Amino acid sequence: MLRRKPTRLELKIDDTDEFESIKKELEARKRQREEAESAAAGGATAYSVELVGGGASVSSTAASRAELINERIGYKPHPKPATLPTLFGSLQF
């Protein structure tokens, strides 16, 4: 098996500047998100959800939160009517 020489990586000033700018952007976003969450924590039933893929935020109550989750996972809670055939099946004597 042939062995090659190790690859040499060089860190340039442009790379460090780019890293610092991206780091500042991420910290600013994190601070804004924390401020929004702390502001939303003031209301007992209100909350803020940030959808990462869409970048949209939705404010809603706890009931619609459950509906949103049920819709996302495909669960459709529809209670069955409590009639005799549904309780006992089709009994024939």
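Values in this document were obtained by computation on a predicted structure and should not be read as measured data. (Residues numbered from 1 in each chain as written. Predicted model: local features only at pLDDT ≥ 70, side-chain atom pairs only at ≥ 80, totals over all residues. Heavy atoms only, no water.)

A closer look at the overall build of the protein
Put simply, the rule reads: Every helix listed is a DSSP run of H or I at least four residues long, and every strand listed is a run of E at least two residues long, numbered separately from the N terminus. Summary of the burial criterion: residues with accessible area below 20% of their type's maximum are buried, those above 50% are exposed, and those between are partly exposed, where the area comes from a 1.4 Å probe applied to protein chains only.
On a plain count of helices and strands, the protein comes out with three helices and two strands. When the helices and strands of the protein are read in sequence order from the N terminus, they spell out α-β-β-α-α. Within the span of the protein, comprising 93 residues, buried residues form 3% of the whole.

Considerations on helix α2 (residues 62-73)
Rules: Helix span, as expected, comes to 1.5 Å for every residue beyond the first.
Helix length check: α2 (twelve residues) gives 17 Å between terminal C-alpha atoms against 16 Å at 1.5 Å per residue, within 8%. Where α2 terminates, the next one or two residues include G74, which has phi positive at roughly 85 degrees.

Quick notes on the confidence of the model for the protein
Keep this limit in mind: Every residue carries a pLDDT, the predictor's confidence in it, which falls somewhere between 0 and 100. Here, residues are in contact when the closest pair of their heavy atoms is within 4.5 Å.
Here the protein shows a mean pLDDT of 75. Residues at 70 or above account for 63%. The least confident element of the protein is strand β1 (residues 47-50), whose mean pLDDT is 47; the most confident is helix α1 (residues 13-40), at 91. Here residues 44-58 is a poorly scored stretch, pLDDT under 50, and it has 18 contacts once near neighbours within four places are set aside; other chains count.

What to know about a negative patch on the surface
Filter applied, for reference: Residues with no salt bridge and a relative accessible area higher than 30% make up the patches, which join like charges within 9 Å and nonpolar side chains (Val, Leu, Ile, Met, Phe, Trp, Tyr) within 5 Å. Calculation of accessible area relied on Shrake-Rupley with a 1.4 Å probe; when residues are assessed, cover is drawn exclusively from the protein chains displayed. The term salt bridge refers to a pairing of a side-chain nitrogen on Lys or Arg with a carboxyl oxygen on Asp or Glu at a separation within 4 Å. Only four residue types enter the charge count: Lys and Arg as positive, Asp and Glu as negative, with His and the chain ends excluded. Each charge is placed at NZ for Lys, CZ for Arg, CG for Asp and CD for Glu.
A cluster of acidic residues, D14, D15, D17, E18, E20 and E27, forms a negative patch at the surface. For D15, a relative accessible area of 36% gives the class partly exposed.

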